[in-house]
Amino acid sequence: MKLFIDTANIDEIKEISDLGIIDGVTTNPSLIAKEGRDFKSVVQEITSIIDGPISAEVISTDAEGMLKEAEDLVQIHPNIVIKLPLIEQGIKATSILSKKGIKTNVTLCFSPMQALLAAKAGATYVSPFIGRLDDISHDGPQLIRDIIEIYENFDYPTEVIAASIRHPIHVLEAAKARSHIATIPLKVIKQLFNHPLTDIGLEKFLKDWKTMK
Ligand code: G3P
């Protein structure tokens, strides 16, 4: 499973990039707004840190506007992936971009049938939001399992990005469901490292080492 970081914060991306475990970055309008900086310059800076797919989201709600934004965004760097909302106009724009060979990430996916539409449109990626489903008492990870089953049934090449990940169990569920990618906030990536027995074990090894003559 590939690991993306779900952030538009340059310091967070720099901090984690050195570990060599991050394959790409996803941003969204809320994450960009939090940075209080120009959208394109943030995305450009991200492309200079991570050599992998970088999702940049359109804000238009009509296909024509989305395509105009996409044209502009793809100029930033060859690794840019155009992120579009899973609405009729978003699917229309995705179909057109796919035919032009432009990479797309269809976002705000909350049902397996929406994911089927993204695959039919030739999306490179689809982003099911599992945390937000859990928030309303639905089974978020089940959505990943359903989408993977459908995509495998028909050999759709669209890759699933498990998104809206809130804790390590979401990452576990995504991996068990054979999600191609999980996009994870820095806080949760850090939590993946933690195990009390690792800390206790290391402390003991180092203590025992000091007793050597
Ligand atoms: O990037 C989209 C997604 O991961 C958002 O997550 O926590 O706002 O539901 P969240």
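Before any of the text, the structure's been laid out above.
To keep things clear, this report deals only with the structure shown in the data block.

Definitions and limits used
Residues numbered from 1 in each chain as written. Predicted model: local features only at pLDDT ≥ 70, side-chain atom pairs only at ≥ 80, totals over all residues. Heavy atoms only, no water. Core = buried A, V, L, I, M, F, W, Y, C linked by side-chain atoms within 4.5 Å. Buried < 20%, exposed > 50% of the residue type's maximum accessible area, 1.4 Å probe, protein only. Helix = DSSP H or I, 4+ residues; strand = E, 2+ residues; numbered from the N terminus. Contact = heavy atoms within 4.5 Å. Axes fitted to C-alpha atoms, helices over the stretch in contact; angles between N-to-C directions. Parallel < 35°, antiparallel > 145°, perpendicular 65-115°, else oblique. Left-handed = near helix turned anticlockwise from the far one by under 90°. Nonpolar A, V, L, I, M, F, W, Y, C, P; charged D, E, K, R; others polar. Pairing = 2+ DSSP bridges. Near = heavy atom within 4 Å. Polar contact = N/O pair within 3.5 Å; in protein donor to acceptor, adjacent residues only side chain to side chain. Areas by Shrake-Rupley, 256 points an atom, 1.4 Å probe, with all protein chains shown as cover. Salt bridge = Lys/Arg side-chain N within 4 Å of Asp/Glu carboxyl O. Phe/Tyr/Trp six-rings, centres within 6.5 Å; stacked < 30°, edge-to-face > 60°. Right-handed = clockwise from strand over helix to strand, strands pointing away.

**Looking at the nonpolar core**
Buried together is how nonpolar side chains tend to be arranged in soluble globular proteins.
Working step 1: Counting residues in hydrophobic clusters, the biggest one holds 58 residues, and the most contacted among them are I5, I80, I82, Y151, I165 and I184.
Working step 2: The leading source of residues in this core is helix α8 (residues 140–154), at six residues.
Working step 3: The contact partners of Y151, leaving out residues within four places of it in the chain, are A115, L116, A118, A119, V126, Y156, T158 and V160.
Working step 4: Counting five residues, the second largest nonpolar core, distinct from the first, contains F4, V81, I161 and I181.

**What about the packing of helix α6 (residues 112–120) against α8?**
Working step 1: It is at 9 Å that the axes of α6 and α8 come closest, and there the two elements cross at 40 degrees. Taken together, the axes of α6 and α8 are oblique relative to one another. For the element pair α6 and α8, the recorded crossing hand is right-handed. On α8, the residues touching P112, M113, A115, L116, A118 and A119 of α6 are L143, D146, I147, I150 and Y151.
Working step 2: Across the contact of α6 with α8, the residue classes tally to 10 nonpolar, no polar and one charged.

**Focus: the sheet that holds strand β3 (residues 54–57)**
Working step 1: Within the closed barrel, the eight strands sit side by side as β1-β2-β3-β4-β5-β6-β7-β8. Their pairing is parallel. Geometrically, the sheet is characterised by an average inter-axis angle of 30 degrees between neighbouring strands, direction not taken into account.
Working step 2: Alignment of strand β4 (residues 80–85) against strand β5 (residues 104–109), held across four bridges, turns out to be parallel. By the bridge assignment for β5, I82 is matched with T104.

**Here's the deal with the site of the ligand**
Working step 1: Taken together, D6, N28, K83, F129, R132, A163, S164 and R166 are the residues near the ligand.
Working step 2: A distance of 2.5 Å separates an oxygen atom of the ligand from a polar atom in the side chain of D6.
Working step 3: Considered on its own, the ligand offers 310 Å² of accessible surface; in the complex 82% of this is hidden by protein.

**Regarding the pattern of salt bridges**
Once the charged atoms of two side chains with opposite charge are near each other, the side chains can pair.
Working step 1: For the structure on display, the rule yields 11 salt bridges.
Working step 2: Salt-bridge contacts for E45 lead to R37; the nearest nitrogen and oxygen are separated by 2.9 Å.
Working step 3: In this structure, D72 and K40 form a salt bridge, with 3.1 Å as the shortest nitrogen-oxygen distance. With a gap of 32 residues between them, D72 in helix α4 (residues 63–73) and K40 in helix α3 (residues 39–49) connect regions that are remote in the sequence.

**Quick notes on the packing of helix α1 (residues 10–17) against α3**
Working step 1: Running from N to C, α1 and α3 point in directions that differ by 5 degrees, and their axes come no closer than 10 Å. It follows that α1 is roughly parallel to α3 by the angle criterion. Each of I10, I13, K14 and S17 in α1 lies in contact with α3, whose residues at this interface are V42, E45, I46 and I49.
Working step 2: Of the residues in the contact of α1 with α3, the class split is five nonpolar, one polar and two charged.

**Let's talk about the packing of aromatic side chains**
Working step 1: Taken as a whole and judged by the stated rule, the model has four aromatic pairs.
Working step 2: Summarising the aromatic geometry, the rings of F4 and Y125 are spaced 6.3 Å apart at their centres and angled 75 degrees between planes, so their arrangement reads as edge-to-face. Linking F4 in strand β1 (residues 2–6) with Y125 in strand β6 (residues 125–128), this pair joins segments that are 121 residues apart in sequence. Summarising the burial analysis for this pair, F4 and Y125 share the class buried.
Working step 3: For the pair F154 and Y156, a centre-to-centre distance of 5.8 Å together with 40 degrees between the ring planes defines the contact as tilted.
Working step 4: An aromatic cluster is present here, built from Y151, F154 and Y156 joined pairwise through their rings.

**Focus on the pairing of strand β7 (residues 159–162)**
Working step 1: Alternating positions in β7 separate into two faces, E159 and I161 on one and V160 and A162 on the other, with burial throughout.
Working step 2: In this structure, β6 lies alongside β7, joined through two bridges in parallel fashion. Counted as the bridge partner of V126 is V160 from β7.
Working step 3: Taken together, the two bridges between β7 and strand β8 (residues 181–184) define a ladder with parallel strand orientation. Considered in β8, the bridge of A162 is made with A182.
Working step 4: In this fold, β7 hands off to helix α9 (residues 168–176), which returns the chain to β8; that crossover is right-handed.

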